[in-house]
Amino acid sequence: MIVAMKKVSVVILEKEKKDALEKLRKLGVMHLESLEGESEKLSALKEDFSCAQNAYAILSEIKAPKSVRAENLDEAGIAEKSKTVTSLFDEKKSLIDALGADTVELERFAKWGSVDPDDFAYLSEKGIALSMYEMPADLYTALDDSIDTVLVNTGKRDVRFLLIGKERPENLPPEAFEVPLPKIATEKLSVQIEDNIKRIREIETELSAQAVYGRQIDSYAKKLAKEIEFENVYAGMGKESEGKASDLAWLSGYVPSDGFSALEEAAKQNGWALSSSEVEETDDPPTKLKNNPLVSIIYPLTDFLGTVPGYREFDISGWFLFFFTIFFGMIFGDAGYGLIMLALALILTLKSKAAGKKTNPMMSLLALLSFSTVVWGTLTCTWFGIAADKLPSWLTSLSIPPISSAYASRYDGVRSLLTTDQNLQVFCFTLALVQLTVAHIKCFINDIRSPKCIGDLGSMLMLWGMFYIVLMLVISGEIFSLDKVVYGVPVGSVSLALVGGGFLMSFVFSNYDGSVARAVLESCKNIISVVLGVVNVFSDIVSYIRLWAVALAGSAISSTVNTMAGPLLGHAIFFVAALVLLVTGHGLNVALNVLSVIVHGVRLNTLEFSSHLGMSWSGYKYEPFREAAYQEIL
């Protein structure tokens, strides 16, 4: 659920604000409104933080030598070490840039031999002006005798020569272009390149020696981040500036209802003035989610995605976990993959418990998703892409015939029954019907005290009617026809009636805001989007077929890998190559499945499902000003 918030303001004496902020941070319940402080200390902290952060980023790319041990440095030592690392890196970067430029410059004169601009300057002082030129060999031989040149060397197609004279002769062909002199002698350039390469290697050695301090620098940077947060609040608080001992300072924010009593008690004990009010429509409070331990294992995924429901939206964490677990199992679809991932999750969990550490929620989520994959792969008889006829009979007996690859031949080509693929597609559409119905039920319950709930009911009826139309158009127009009658019920006609009636109810009441007439007028104003809404219902249901399509692609890849590696396994000389092919091929398939889950499995929850809920994920996470986060990084 989304925890209710209270809007609060705390007023304190300006001279006591540092002590008050430390106590507020220790209390850790108040989410502060955005503040932008300015002070010399804050600027210095930001500069040190940037330096430490850059230093850690540099060292994290370098493997620390095992023979070197890091000393335990104090903050001043770590700050100095950070400056040293960034300084060395900046020097290395400058040397690399210079090395590139010098190398290009040296290559430019590779065919000229040794060139020294001082020699040209000396001759110019003596009245002999020389310029370096290149041009095609055939044109050089045809030069006018009035042009004084000194041939330097001839290549296959071009000629390098010195032109005598200060000005370019008018009759010199345009194909002849002047070669600018180098900034320094090419011999010195070669020496400079060697020196730069040597210095770069020295810097790399020095940085490698500093890599052992990466962890200390990282901890220091995190500590600075919390100090910056504190100083930003300290410098950005509203305050009186009359210079009196009674000057006041204040700050505002949001506190969850279950933490307000703690803030209220702290205000009484410390003599703070505290005002509170209920959140109003114009306010934009943060979102704090509170669920049971099982539902909470979805948080690592939603945090990674950055999806936070708005304060006034629905908390769908439980439904997100439930349906995502099903989507994950269907997309991976291979019980063999699921067993490997489940074993990995259990091993990491046991290892964490053996070390006395708290179980990572991500491991619990991985275990649940892996179990879902094993179940679905077992039901569809999918094990590492191995053909069903090559699997043990007890494995095939665990599968469900209508959706099992082991029984596909019994259903394919039979007019009275659907094929295995069609059964899987029907399951996908049924899953869509269930999930989207849940969305409309939630909306109906949310609007139950308003006639607007009739519009929610109409949308749900339209969804149910459209479900049958999807089966008719996508699965089979023969089996799911409009004139279909089941137990005396004209299913096709009923589905059309549901779509039409649902549309009418939605048209009249979806925009209800105190007046039916205004609601109808609003729907008329947006008639195009309202009509397209019917099409959107169709497309949203059809969108769930991606679960079958992506799983089919993954199954095809694993089957292809097996087909390629199979013949090699029979030859001892190719046995290792076959194993490498199997591991690489199936590993690539797993990686693609992970991407598919993020793209498709998450999408169905955050787009199709959420759009029927009217959610836009417009919220931001509740992040209180707290001491706990400060201590965790030390």
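Remember, predicted model here, so these are calculated numbers, not experimental data. The residue count restarts for each chain, going from 1 along the sequence in the order it is written. Only residues with pLDDT of 70 or above have their local features reported here, since the model is predicted, and side-chain atom pairs are shown and tallied only from 80 upward, although totals for entire chains, interfaces and linings are computed over all residues. In computing side-chain properties, one takes all heavy atoms of the structure into account and sets aside hydrogens as well as water.

1. What about unusual backbone geometry?
Piece 1. Phi is positive for Cys-381, which is not a glycine, with a value near 60 degrees.
Piece 2. Burial here depends on accessible area, computed with a 1.4 Å probe over protein chains only, as a share of the maximum for the residue type. Under 20% is buried, over 50% is exposed, and the range in between is partly exposed. Judged by relative accessible area, Cys-381 falls into the buried class, the value being 1%.
Piece 3. Non-glycine residue Phe-384 carries a positive phi angle of around 55 degrees.
Piece 4. The way it works is that DSSP assigns letters per residue, a run of H or I at least four long becomes a helix, a run of E at least two long becomes a strand, and they are numbered from the N terminus. Inspection of the secondary structure puts Phe-384 in the loop between α13 (361–379) and α14 (393–396).

2. Observations concerning helix α4 (residues 117–125)
Piece 1. N-cap assignment for α4: the residue whose side-chain oxygen lies 2.9 Å from the backbone N of Asp-118 is Asp-116.
Piece 2. Looking one or two places after α4, you find Gly-127, whose phi comes out positive at around 90 degrees. Residues adjacent in sequence count toward polar contacts only when both atoms are side-chain atoms; beyond that, a polar contact is any pair of N or O atoms within 3.5 Å, and within protein one must be able to donate a hydrogen and the other to accept it.

3. Concerning the pairing of strand β4 (residues 149–154)
Piece 1. The sheet contact formed by β4 and strand β5 (residues 158–164) spans five bridges and is antiparallel. Among the inter-strand pairings, Thr-149 is bridged to a residue of β5, identified as Leu-163.
Piece 2. When DSSP finds two or more bridges between a pair of strands, those strands are recorded as paired. Connecting β4 to the next strand, β5, in antiparallel fashion are three residues.

4. Structural notes on a nonpolar patch on the surface
Piece 1. On the surface, Phe-304, Val-594, Leu-595, Ile-598 and Val-599 cluster together into a nonpolar patch covering about 470 Å² of accessible area.
Piece 2. It is helix α22 (residues 575–613) that contributes the most residues to the nonpolar patch, four residues altogether.
Piece 3. Residue position: Leu-595 is located in helix α22. Patch building starts from residues that exceed 30% relative accessible area and form no salt bridge, then joins like charges within 9 Å and nonpolar side chains (Val, Leu, Ile, Met, Phe, Trp, Tyr) within 5 Å. Accessible areas in this description were obtained via Shrake-Rupley with a 1.4 Å probe; residue shielding takes into account the shown protein chains only. Salt bridge, as used here: a side-chain nitrogen of Lys or Arg that lies within 4 Å of a carboxyl oxygen of Asp or Glu.

5. Some details on the environment of Lys-17
Piece 1. Along the chain, Lys-17 falls in helix α1 (residues 17–27).
Piece 2. Residue classification places Lys-17 among the buried residues on the basis of a relative accessible area of 2%.
Piece 3. As for Lys-17 and Ile-479, which are separated by 462 residues in sequence, their C-alpha atoms are 75 Å apart.
Piece 4. Every residue pair with non-hydrogen atoms within 4.5 Å of one another is taken to be in contact. When residues no more than four places from it in sequence are discounted, the contact partners of Lys-17 are Ile-12, Tyr-234, Met-237, Lys-239 and Ala-249.

6. Considerations on the pattern of salt bridges
Piece 1. Tallying each qualifying case throughout the model produces 20 salt bridges.
Piece 2. Among the ionic pairs, Lys-17 bridges to Glu-14, the shortest N-O distance being 3.5 Å.
Piece 3. Residue Glu-14 is classed as partly exposed on the basis of its relative accessible area of 23%.
Piece 4. One salt bridge connects Glu-202 with Arg-199, and the closest N-O pair in it is separated by 3.2 Å. Separated by three residues within a single helix, Glu-202 and Arg-199 lie in helix α6 (residues 186–210), roughly one turn from each other.
Piece 5. Classification of Arg-199 as partly exposed rests on a relative accessible area of 23%.

7. Regarding the nonpolar core
Piece 1. Formed by 64 residues in total, the largest nonpolar core has its most connected members in Ile-298, Ile-316, Phe-324, Met-466, Ile-541, Leu-547 and Leu-613.
Piece 2. By size, the runner-up hydrophobic cluster in this structure holds 27 residues, among which are Ile-2, Leu-21, Leu-251 and Tyr-254. To define a nonpolar core, start from buried Ala, Val, Leu, Ile, Met, Phe, Trp, Tyr and Cys residues and group those joined through side-chain atoms within 4.5 Å.

8. Let's talk about the packing of helix α2 (residues 40–59) against helix α3 (residues 75–108)
Relative orientation and spacing of two packed helices are given, respectively, by the angle between their axes and the distance between those axes.
Piece 1. Axis lines are fitted to C-alpha atoms, over the contacting stretch for helices. Their N-to-C directions set the angle, which ranges from 0 to 180 degrees. For the pair α2 and α3, the least separation of the axes is 8 Å and the interaxial angle reads 60 degrees. By crossing handedness, the relation of α2 to α3 is classed as left-handed. Here α2 contributes Cys-51, Ala-52, Asn-54, Ala-55, Ile-58 and Leu-59 to the contact with α3, which in turn contributes Ser-82, Lys-83, Val-85, Thr-86 and Phe-89.
Piece 2. Polar here means any residue outside two lists: the nonpolar Ala, Val, Leu, Ile, Met, Phe, Trp, Tyr, Cys and Pro, and the charged Asp, Glu, Lys and Arg; Gly therefore counts as polar. Tallied by class, residues from the contact of α2 with α3 come to seven nonpolar, three polar and one charged. We call a crossing left-handed when the near helix sits turned anticlockwise from the far one by less than a right angle, and right-handed when that turn is clockwise.

9. Describing the packing of aromatic side chains
Piece 1. Ring pairs are drawn from Phe, Tyr and Trp, using the six-membered ring of Trp, whenever the two centres fall within 6.5 Å, and their geometry is named by plane angle: stacked under 30 degrees, edge-to-face over 60, tilted for the rest. Tallied over the full model, the rule gives 16 aromatic pairs.
Piece 2. Measuring from centroid to centroid gives 6.2 Å for Phe-230 and Phe-625, while their planes differ by 25 degrees, and the two rings are stacked. In this pair, Phe-230 is assigned in helix α7 (residues 214–236) and Phe-625 in the loop between α22 and α23 (627–632), connecting sequence segments 395 residues apart. Accessibility classification places Phe-230 together with Phe-625 in one group, the buried group.
Piece 3. Site record: aromatic cluster; members linked through ring pairs are Trp-319, Phe-322, Phe-323, Phe-327, Tyr-544 and Phe-609.
Piece 4. Lysine NZ or arginine CZ positioned within 6 Å of the ring centre and within 35 degrees of the ring normal marks a charge as sitting over the ring. If you follow Lys-17 out to its NZ or CZ, it ends over the ring of Tyr-234, 4.3 Å from the centre.

10. With respect to the sheet that holds β5
Piece 1. Read across the sheet, four strands follow the order β4-β5-β3-β6 without closing on themselves; strand pairing throughout is antiparallel. Only two strands of the sheet have a single partner each, and these edge strands are β4 and β6 (177–178).
Piece 2. Relative to β6, strand β3 (residues 130–136) runs antiparallel, the two being bridged by two bridges. When the bridges of β6 are listed, Tyr-133 appears paired with Glu-178.

11. A word on α13
An α-helical turn contains 3.6 residues, so a residue and the one three or four places further along point in the same direction.
Piece 1. To estimate how far a helix should reach, multiply one less than its number of residues by 1.5 Å. Counted at 1.5 Å a residue, the expected span for α13 with its 19 residues is 27 Å, and the 27 Å between its end C-alpha atoms agrees.
Piece 2. Packed against the buried residues of α13 are α10 (299–305), α11 (317–332), α12 (335–354) and α16 (420–446).
Piece 3. At the N-terminal end of α13, a side-chain oxygen is found 2.9 Å from the backbone nitrogen of Met-362, two or three residues along, and the residue is Asn-360.
Piece 4. In the segment just after α13, Cys-381 is the residue with positive phi, at about 60 degrees.

12. What to know about the confidence of the model for the protein
Piece 1. Values of pLDDT, ranging from 0 to 100, describe the predictor's confidence in every residue of the model. Per-residue confidence for the protein gives a mean pLDDT of 88, with 94% of residues at or over 70.
Piece 2. Note that residues 629–634 has pLDDT below 50 and, in this model, eleven contacts with residues that lie over four places away or in other chains.

13. Re the side chain of Thr-437
Piece 1. With respect to the element layout, Thr-437 can be found in helix α16.
Piece 2. Here the side chain of Thr-437 touches Trp-464 through a polar contact of 3.0 Å, side chain to side chain.
Piece 3. Discounting chain neighbours no more than four positions away, the residues touching Thr-437 are Met-460, Leu-463 and Trp-464.

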